[in-house]
Amino acid sequence: MKFNDMLKKKKKENMDTPENINEPTQENLAEEQQLKDQQAETVEAVETEEIPGPTAEDKLKAELAQANDKYLRLYAEFDNFRRRTQKERAEARETEGKDLIIALLPVLDDFERAQRSMEKAVDVAPVKEGVTLIQNKLKNILAQKGLKEMESIGAPFDADLQEAITNIPAPTDDLKGKVIDEMEKGYTLKDRVIRFAKVIVGA
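Residues numbered from 1 in each chain as written. Predicted model: local features only at pLDDT ≥ 70, side-chain atom pairs only at ≥ 80, totals over all residues. Heavy atoms only, no water.

## Observations concerning the overall build of the chain
Item 1. Tallying secondary structure elements over the chain gives six helices and six strands in all.
Item 2. In the chain, the succession of helices and strands from N to C terminus is α-α-α-α-α-α-β-β-β-β-β-β.
Item 3. Within the chain, buried positions represent 11% of all 203 residues.
Item 4. Carbon together with sulfur atoms contributes 55% to the accessible area of the chain, which is approximately 17,700 Å² in total. (Helix = DSSP H or I, 4+ residues; strand = E, 2+ residues; numbered from the N terminus. Buried < 20%, exposed > 50% of the residue type's maximum accessible area, 1.4 Å probe, protein only. Areas by Shrake-Rupley, 256 points an atom, 1.4 Å probe, with all protein chains shown as cover.)

Written out as structure tokens, the structure reads:
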């Protein structure tokens, strides 16, 4: 009996030795597995965590800033255009008629030469001829600029082109209602009336 008791005691001691303590129990294995699962979930959460994108408010602010910048650029361009246009108009007003004046300067020179010639002239015929040449030169220059004389004498009276000074009895029946004489020539500039002809109409 004592021998059996000793065997039982020995078995019990063997079970309580440090070798058995170091062996993993079912509970320890479960805890380790739980720890591993938690670590895996943490890593997955970090990996799958999305960086937050711009909000709707941020997008609206960016669009507003872009629109405001575009508006400022357009306003600056328009302001520059307006100032440039005003300057060009002012310059055009200051030099208005410059081309015509330059074209008329030779005629002015001719008149000065004619005046000097008249002081020494003995015969009137050359002076008269010179004045006629200057007059023709002036008419040609004005015609190049679009000026035209109205042909009124013998034409039916037209209130859109002529101004009747008076009526006189027509010398012949075919001149009734027509221009008999012209007191002042009428002119058109590029087909627009700039001066009405002052005429005498047959009644």
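## As for the sheet that holds strand β5 (residues 192-195)
Item 1. In spatial order, the strands read β1-β4-β5; together these three strands make up an open sheet with antiparallel pairing. For this open sheet the edge positions go to β1 (147-149) and β5, each flanked by a neighbour on one side alone. Geometrically, the sheet is characterised by an average inter-axis angle of 35° between neighbouring strands, direction not taken into account.
Item 2. Inspection of the sheet shows strand β4 (residues 187-189) paired to β5 by three bridges, in the antiparallel sense. In the strand pairing of β5, Thr188 is matched with Val193. (Pairing = 2+ DSSP bridges. Axes fitted to C-alpha atoms, helices over the stretch in contact; angles between N-to-C directions.)

## Comments concerning the sheet that holds strand β6 (residues 197-202)
Pairing between the strands of a sheet comes from backbone hydrogen bonds, and it takes one of two forms, parallel or antiparallel.
Item 1. One open sheet accounts for three strands, arranged β2-β6-β3; its pairing is mixed. Of all the strands in the sheet, just β2 (162-168) and β3 (179-184) have a single pairing partner and so form its edges. Along the sheet, successive strands turn relative to each other by an average axial angle of 30°, direction set aside.
Item 2. Relative to β6, β3 runs antiparallel, the two being bridged by four bridges. Note that in β6 the partner of Glu182 across the bridge is Val199.

## Quick look at helix α5 (residues 98-120)
Item 1. Spanning 23 residues, α5 covers 34 Å between terminal C-alpha atoms, matching the ideal 33 Å at 1.5 Å per step.
Item 2. In α5, a bend of some 30° at Leu105 exceeds every other bend along the element, and Pro106, a proline, comes one to four places later.
Item 3. Looking at the buried positions of α5, the neighbouring elements they touch are α6 (124-144). (Expected span 1.5 Å × (residues − 1). Bend = angle between axes of the 7 residues up to and from the residue. Contact = heavy atoms within 4.5 Å.)

## Looking at the pattern of salt bridges
Opposite charge on two side chains allows them to pair when their charged atoms are near.
Item 1. For the structure shown, the criterion picks out twelve salt bridges.
Item 2. Note that Lys185 and Glu182 form a salt bridge whose closest N and O atoms lie 3.6 Å from each other.
Item 3. The exposure class of Glu182 is buried, given its relative accessible area of 17%.
Item 4. Several salt bridges share partner residues, and in doing so they unite Lys139, Glu149, Glu182 and Lys185 into one network. (Salt bridge = Lys/Arg side-chain N within 4 Å of Asp/Glu carboxyl O.)

## Side note on the nonpolar core
Item 1. Of all hydrophobic cores here, the largest spans five residues; its members are Met150, Val179, Ala197, Val199 and Val201.
Item 2. With near-sequence residues (within four places) excluded, Met150 lies in contact with Leu161, Glu182, Gly186, Tyr187, Thr188, Val193, Arg195 and Ala197. (Core = buried A, V, L, I, M, F, W, Y, C linked by side-chain atoms within 4.5 Å.)

## Here's the deal with the pairing of β6
Item 1. In terms of residue burial, β6 counts as a mostly covered element, since five of its six residues are buried.
Item 2. Across six bridges, β2 lies against β6 in parallel orientation. The residue bridging Ala164 from the neighbouring strand is Val199, located in β6.

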